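Each chain, written out:
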Amino acid sequence: MKKAVSMGSIEGRSVIELDNVSLLSSSSFPQKILSCKEDSSIDHDYGKLLQDVIRSKVFSSIKVVVLSNKINLLMPFGPMAILVDKLFDSHGLVFLFSLLGIIPLAERLGYTTEQLAFFTGPAVGGLIYASFGNATELIISIHALKKGLFRLVQQSLLGSILSNLLLQKLILTDYQVDATVDFGLLLMAVMGLLFPAFLNATHTELEHGKSELALSRFTSCIMLVAYASYIVFQVKIQKNLQVLVDEDRGLKDDTLDEEEAPEISMWESMIWLSILTGGISILSEYLVNTIEGASKEFKMPMTFLSVIILPIIGNAAEHVGSIMFAVKDKLDISLEVAVGSSTQIAMFVIPFCVVAGWMIECPMDLNFQPFETTSLFMTVILVAFILHNGTANYFKGIMLILCYLIVSASFFVYIDPTSIGK
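Described in the following lines is the structure provided in the data block. (Residues numbered from 1 in each chain as written. Predicted model: local features only at pLDDT ≥ 70, side-chain atom pairs only at ≥ 80, totals over all residues. Heavy atoms only, no water.)

### Looking at the overall build of the protein chain
Note the cut-off: A run of H or I in DSSP becomes a helix once it reaches four residues, and a run of E becomes a strand once it reaches two; helices and strands are each numbered from the N terminus. Classification of residues uses two cut-offs on accessible area relative to the type maximum, computed with a 1.4 Å probe and protein chains only: under 20% is buried, over 50% is exposed, and between them is partly exposed. Here, two residues are considered to be in contact whenever any of their heavy atoms come within 4.5 Å of each other. Working definition of accessibility: Shrake-Rupley area with a 1.4 Å probe, residue cover restricted to the visible protein chains.
For the protein chain, the helix and strand inventory stands at 14 helices and two strands. Going through the 422 residues of the protein chain one by one, you find that 41% of them count as buried. Considering only residue pairs separated by 6 or more positions, the protein chain has 83% of its internal contacts joining residues 24 or more positions apart. Total accessible area computed for the protein chain in this model is approximately 23,400 Å², and 68% of it derives from carbon and sulfur atoms.

Written out as structure tokens, the structure reads:
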């Protein structure tokens, strides 16, 4: 009987277990399977929706940054420069295509920098503009310094200052301007370049070959401190002006204008900054590697290419932007682009290159040779004198353009004294 009972209990337990299994298999499992299918379908739809949103955002960003400006039609010249370098032996074409390819990248770099500044405060925005305002010249200079071509760096940066001061004021009509601080900084930069040049020309340095370089590095550090102080000064002025504008708007609600809003997000701006900086860096390397060969193919002095051609084409976007601001009667912005960019190169980019050369053991100094330093000194004095009474007009713009033609002709017949005997 015990065996029967135990067998019966086992059978009963097995029947119960089988019933439980049948219950689970008939009702619970299908519901779980259906719920899993529903969850997977929801995840699939969500993933597809997310992909569509990302794809739409990417296309929208490309449309705003790449397809919204006609100057971007020059972008294919960048890949063409790389292709010509791989397939043909023509340094002239590679140099020319690299220059043309850099133009839209430099313009878009300025645009994305402006967009990023919308999401930062005025202090950070000032640092961003200081870092990326002349990023093209800075990248080209770093590539040249790595190859030991510090004379190319000196001459191209000199040419950028000359072209910014003399080429961007043709359309200025009668207008009140105040650029006292900027011209003060430019004269400080000229002073920093004059002393090493005169020491070298008169052979009056304490230690030949060392005193001049040491003075240049010390002066460069002082100039960087002065430019940092200038940035802080400008930020404080902008804050005070913004407060006054806000108070004025509060009193005149009927004249409120819509504030300018960013066209791309902060992360998009940062991604595009990285992409554009990388593109400029690649083309700058081709530019530096082929400038000597281009000088021979075009039968032009390398100094003329460095001081005149390279800065004009490299700053073409800035020149066009300055002219467009002038056409729209935003002459204060036009002058700020011209003089402000020159100040930035003279007080930030040039001393930064000296310090960078110091770090990589490249003897980059502030000795721009007497002829080059004299051309810069005369240009700054001329522009400051023309604008000394606080007005700018069309005729003064023509005078500056004609002066630039004289400077260009002078550098076409100029022989770099450092190249004599090589």
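### Concerning the pattern of salt bridges
Worth spelling out the cut-off: Any Lys or Arg side-chain nitrogen located within 4 Å of an Asp or Glu carboxyl oxygen qualifies as a salt bridge.
Using the criterion set out here, one finds four salt bridges in the structure. In this structure, the salt-bridge partner of Glu107 is Arg108, at a minimum N-O distance of 2.7 Å. Exposure class is identical for Glu107 and Arg108. Each is buried. The salt bridge partner of Asp416 is Arg151, with a shortest N-O separation of 3.0 Å. Residue Asp416 is found in the segment after α14 (394-412), and its partner Arg151 is found in helix α6 (residues 150-167); the two are separated by 265 residues along the sequence. In this structure, Asp416 and Arg151 share a single accessibility class: buried. Taken together, the salt bridges that share partners define one network made up of Arg151, Glu372 and Asp416.

### Details of the packing of helix α9 (residues 266-298) against helix α10 (residues 302-314)
To keep it simple, the criterion reads: Between the N-to-C directions of two axes lies an angle of 0 to 180 degrees, each axis being a line fitted to C-alpha atoms and, for a helix, fitted only over the stretch in contact. Roughly parallel means an angle under 35 degrees; roughly antiparallel, over 145; roughly perpendicular, 65 to 115; everything else is oblique. Put simply, a crossing is left-handed when the front helix is turned counterclockwise from the back one by less than a right angle, and right-handed when it is turned clockwise.
The interhelical angle for the contact between α9 and α10, taken along N-to-C directions, is 125 degrees, at an axis separation of 9 Å. Our classification of the angle between α9 and α10 gives oblique. In this structure, α9 meets α10 at a crossing whose hand is right-handed. Contacts between α9 and α10 pair Leu287, Ile291, Glu292, Ala294 and Ser295 from the former with Met302, Leu305, Ser306 and Leu310 from the latter.

### Observations concerning the nonpolar core
The condition is simple: To form a nonpolar core, buried Ala, Val, Leu, Ile, Met, Phe, Trp, Tyr and Cys residues must be joined to one another through side-chain atoms within 4.5 Å.
Grouped together as the largest cluster of nonpolar side chains are 74 residues, with contacts concentrated most on Leu162, Cys353, Leu376 and Phe411. Among the elements that take part in this core, helix α12 (residues 331-359) stands out by supplying ten residues, more than any other.

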